[in-house]
Amino acid sequence: MSHTEDRADNATTIEGSVALIEAVLTEHGIEHNRAGSGDGSPSVVAVLPGERKLKTTCLLTVGQHGVRVEAFVCRHADEDAEAVYKFLLRRNRHLFGVHYTIDKIDDIYLVGRISTESLTEDELDRVLGQVLEAADGDFNTILEIGFHTSIRREWRWRTVRGESLRNLDAFEHLVTEEDRAAAARGQISLDRGAPATADERPDLPD
């Protein structure tokens, strides 16, 4: 087989993989679009809807030997990073097709790979289902461990301003009596020396 024929076969395989991915996403009503990657490989960006994490963006990059799956879960922890990493490593024992990792700035991702031979509608459905189950199911736990101070400040901020606390219900157990007393005084910052009228919005991940 010539190099030209070999490249043509690779392109057909790659294009066929992209078409299968798009067909599965379309069938399930998942928002998606084509994109390029740094090495020129075709990619599909899928937006998986969730409940705790409202959406998880998943990049499916198609190469000659398979599909790389990469989904952003959460930015790097503000605090207790070691405890966050322990939780993620323990979760890796129970995941199918993907695993947790961090990038060079310690942001948290789910990554995996599906070989070309294994790429079927059922396999893609299982892997994407695992991505969504993990990202959505673990999101609140990651926030609770790695962002608990920001969550408490967010609770104070909303309480002082009279805003809804509905989507903080899952973190009610983190709120202390000190937080309640501070909010009653109009104090948002957890810094005891800060002005009682401090109005800085906490920086929580989406």
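See the structure above.
Rules used throughout
Residues numbered from 1 in each chain as written. Predicted model: local features only at pLDDT ≥ 70, side-chain atom pairs only at ≥ 80, totals over all residues. Heavy atoms only, no water. Helix = DSSP H or I, 4+ residues; strand = E, 2+ residues; numbered from the N terminus. Buried < 20%, exposed > 50% of the residue type's maximum accessible area, 1.4 Å probe, protein only. Expected span 1.5 Å × (residues − 1). Salt bridge = Lys/Arg side-chain N within 4 Å of Asp/Glu carboxyl O.

Trainee: Sorry, what's going on with unusual backbone geometry here?
Mentor: The phi torsion of most residues other than glycine is negative, and most of the peptide bonds are trans. Although it is not a glycine, Asp-80 adopts a positive phi angle of roughly 50°. One non-glycine residue, Asp-106, adopts positive backbone phi at about 70°. With respect to the helices and strands, Asp-106 occurs in the loop between β5 (98–102) and β6 (108–115). What makes Asp-106 partly exposed here is its relative accessible area of 33%.

Trainee: Would you mind showing me how to read helix α4 (residues 148–161) here?
Mentor: Each α-helix winds once per 3.6 residues, and so residues spaced three or four apart point in a common direction. Between its terminal C-alpha atoms α4 stretches 20 Å, which fits the 20 Å expected from 14 residues at 1.5 Å a residue. Among all positions in α4, only Ser-150, Ile-151, Arg-152, Arg-153, Glu-154, Trp-155, Arg-156, Trp-157 and Arg-158 are buried. Positive phi appears at Gly-162, one or two residues downstream of α4, with a value of about 70°.

Trainee: I keep staring at the pattern of salt bridges and nothing clicks. Help me out?
Mentor: A side chain with one charge can pair with a side chain of the opposite charge if their charged atoms come near. In total, this model carries 15 salt bridges according to the counting rule given. With a shortest N-O distance of 3.6 Å, Glu-133 and Arg-91 are connected by a salt bridge. Remark: Arg-91 occurs in helix α2 (residues 81–92) and Glu-133 occurs in helix α3 (residues 121–146); sequence separation between them is 42 residues. Each of Glu-15, Glu-22 and Arg-34 takes part in a single network of salt bridges with overlapping partners.

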